[in-house]
Amino acid sequence: MVRLTRFSLLSSIHNLHQCLDSLLQANKAWANRMKANDPMFFEEHKKGHAPKILWIGCSDARVPANEMIGEPPGSVFVHRNIANQVVQTDFNCMSVIQYAVDVLQVKHIIVCGHYDCGGVKAALTNVDHKSPLENWLRNIRDTYRLHKDELDAIKDLTGRQRRLVELNVVEQCLNIFKTAVVQKRRVQTHFDALEPGSDIPFSTPVIHAFVYEPTTGEATKLRVDFKQYLTELHDIYDLYKMEKEEEPTPLPTTMIQDKDGNEECVTDVLTKSLSGEGDM
Ligand code: CO
C-alpha cells in the first residue's frame, strides 16, 4: 500500500489543481476553435437541441459517443453506463428513453457495446464484486444464462467474451423494444408512415445494435431479429390490451385501432412496422 507523506499529499493536490487548470484551458481553446470554425455554432445552441439519435453506450473511456460516429455536439442524446445495459427498473435509463422517444422523438436508438468490455469480463468471473456493482453485473450473467449453450461451446475465453459482448448488445436492443414508450411510438409512426407524402416512410425509433472494436476504432452493425422475437414472445410483452376476447383464444388478445377505426393486433402492426427501410 502506498503511504502518502504530508509533502507527497500536498504535491498530489497541487498536481490535481494543475491538471484541472489545464482541462479548463483546453476547454477555452476548444470553445474558441468551435467559434472560429462556425461563428453561429453556440448561437444555434441557444434554441435548444433536437437530436435525432439516442445513444446507449458503455462508460468505457475508449468509446466516445459523438466522436466515433462523427456527430457534432447537439446531435446525439447520450446515456452511458457499465456494459451499456437497458434495465427496466433503472429509472435513469428508462427516463432517458422516455424523454428521447416521447419528447425529442429521436428517429434512431443505437446500443453500442464494445469488445474488451470490463463489465462483460467481470460478469464472466466467479467473483462477488459487491453491491451495487455485482447487482448490475447480474444482468449480464442473466444474458449468459439465456445463451448458455452457445457460449459454453466457445472454449476460447476471449472468443466467449467477444460473443457475450455481442449477445449483450442484442439483448439490450430487445429490452428497448419491450418498453411501452417504444412500442407505442412505433405503432403511431407506422400509421403516420403509411400516410401519402409522409416525411419519414418507416416506423421510428429504429433500434440499431453496434459493437465497437477499441483496437481499430471501427464499429460494426449486428443483426437483431425483432420479427422472430415478436413471433415467439409477443404474448408476454405486448402492452396494449385494449380489448380482450371473452373466450380464451390463442391470439390475438392485444388489439388497437388504426386511423380508420379498424382493429388490428398490436403484434401485426409492430411486425409490419419492421418492414420499412429504416429497419433494414
Ligand atoms: Co464496457
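Predicted, not measured: the structure shown is a model, and the values here were computed from it.

When you look at the nonpolar core in this model, what are you seeing that I'm missing?
Side chains of a nonpolar character, in soluble globular proteins, are inclined to be buried together. Counting residues in each nonpolar core, the largest one holds 41 residues, and the members touching the most others are Leu54, Trp55, Ile109, Val111, Cys173 and Ile176. In this structure, Leu54 is in contact with Phe77, Ala100, Val106 and Ile109, ignoring residues within four places of it in sequence.

What is the right way to read the sheet that holds strand E2 (residues 76–81) from this model?
By way of backbone hydrogen bonds, the strands of a sheet pair with one another, either parallel or antiparallel. Across the sheet, which stays open at both edges, the five strands sit in the order E2-E1-E3-E4-E5 with mixed pairing between neighbours. The open sheet has two free edges, formed respectively by E2 and strand E5 (218–222), since each of these has just one partner strand. Across the sheet, the mean angle from the axis of one strand to that of its neighbour is 25 degrees, orientation sign disregarded. Pairing analysis gives five bridges linking strand E1 (residues 53–58) to strand E3 (residues 108–114), with the strands arranged parallel.

Before we go on, may I ask you to explain the confidence of the model for the protein in this structure?
Caution applies to low-pLDDT regions: their predicted coordinates should not be interpreted in detail. This prediction gives the protein a mean pLDDT of 89; 90% of its residues lie at or above 70. Confidence drops under pLDDT 50 across residues 241–252; counting only partners more than four residues distant or on other chains, this segment forms ten contacts.

Teacher, can you tell me more about helix H4 (residues 91–103) here?
Counting along an α-helix, one turn takes 3.6 residues, and residues three or four places apart therefore face a common direction. Helix length check: H4, at 13 residues, gives a terminal C-alpha distance of 17 Å against a target of 18 Å (1.5 Å per residue), a fit within 8%. Considered for burial, the residues of H4 that qualify are Cys93, Val96, Ile97, Ala100 and Val101. Angularly, the buried residues of H4 cover 110 degrees about the axis, an arc narrow enough to put them on a single face. In H4, the exposed residues that point more than 90 degrees away from the buried face are Phe91, Asn92, Ser95 and Val103. In this structure, the buried residues of H4 make contact with E1, E2, helix H8 (157–178) and helix H9 (180–194). Positive phi shows up at Gln105, right after H4, with a value of about 55 degrees.

What is the right way to read the environment of Glu171 from this model?
Along the chain, Glu171 falls in helix H8. Taking the C-alpha atoms as reference points, Glu171 and Ala209, separated by 38 residues in sequence, lie 9.4 Å from one another.

Sorry, what's going on with H9 here?
The terminal C-alpha atoms of H9, which comprises 15 residues, lie 22 Å apart, in line with the 21 Å expected from a rise of 1.5 Å per residue. Taken as a whole, H9 has its buried residues at Val182, Gln183, Arg186, Val187, Thr189 and His190. Considering only its buried residues, H9 is in contact with H4, H8, strand E6 (255–257) and helix H11 (266–273).

Whenever I open this one, the packing of H9 against H11 confuses me. Can you help?
A packed helix pair is summarised by two numbers, namely the angle formed by the two axes and the spacing between the axes. Orientation of H9 relative to H11, taken along the N-to-C sense of each, is 70 degrees, at an axis distance of 9 Å. The angle between H9 and H11 places the two elements in the roughly perpendicular class. Between H9 and H11, the contacting residues are Gln183, Arg186, Val187 and His190 on the first element and Val266, Val269, Leu270, Lys272 and Ser273 on the second. Each residue belonging to the contact of H9 with H11 can be placed in one class, and the counts come to four nonpolar, three polar and two charged.

The rules behind the values
Residues numbered from 1 in each chain as written. Predicted model: local features only at pLDDT ≥ 70, side-chain atom pairs only at ≥ 80, totals over all residues. Core = buried A, V, L, I, M, F, W, Y, C linked by C-beta atoms within 7 Å. Buried ≥ 20, exposed ≤ 12 C-beta atoms within 10 Å, placed from the backbone. Contact = placed C-beta atoms within 7 Å. Pairing = 2+ DSSP bridges. Helix = DSSP H or I, 4+ residues; strand = E, 2+ residues; numbered from the N terminus. Axes fitted to C-alpha atoms, helices over the stretch in contact; angles between N-to-C directions. pLDDT = per-residue confidence, 0-100. Expected span 1.5 Å × (residues − 1). Arc of directions from axis to C-beta. Parallel < 35°, antiparallel > 145°, perpendicular 65-115°, else oblique. Nonpolar A, V, L, I, M, F, W, Y, C, P; charged D, E, K, R; others polar.

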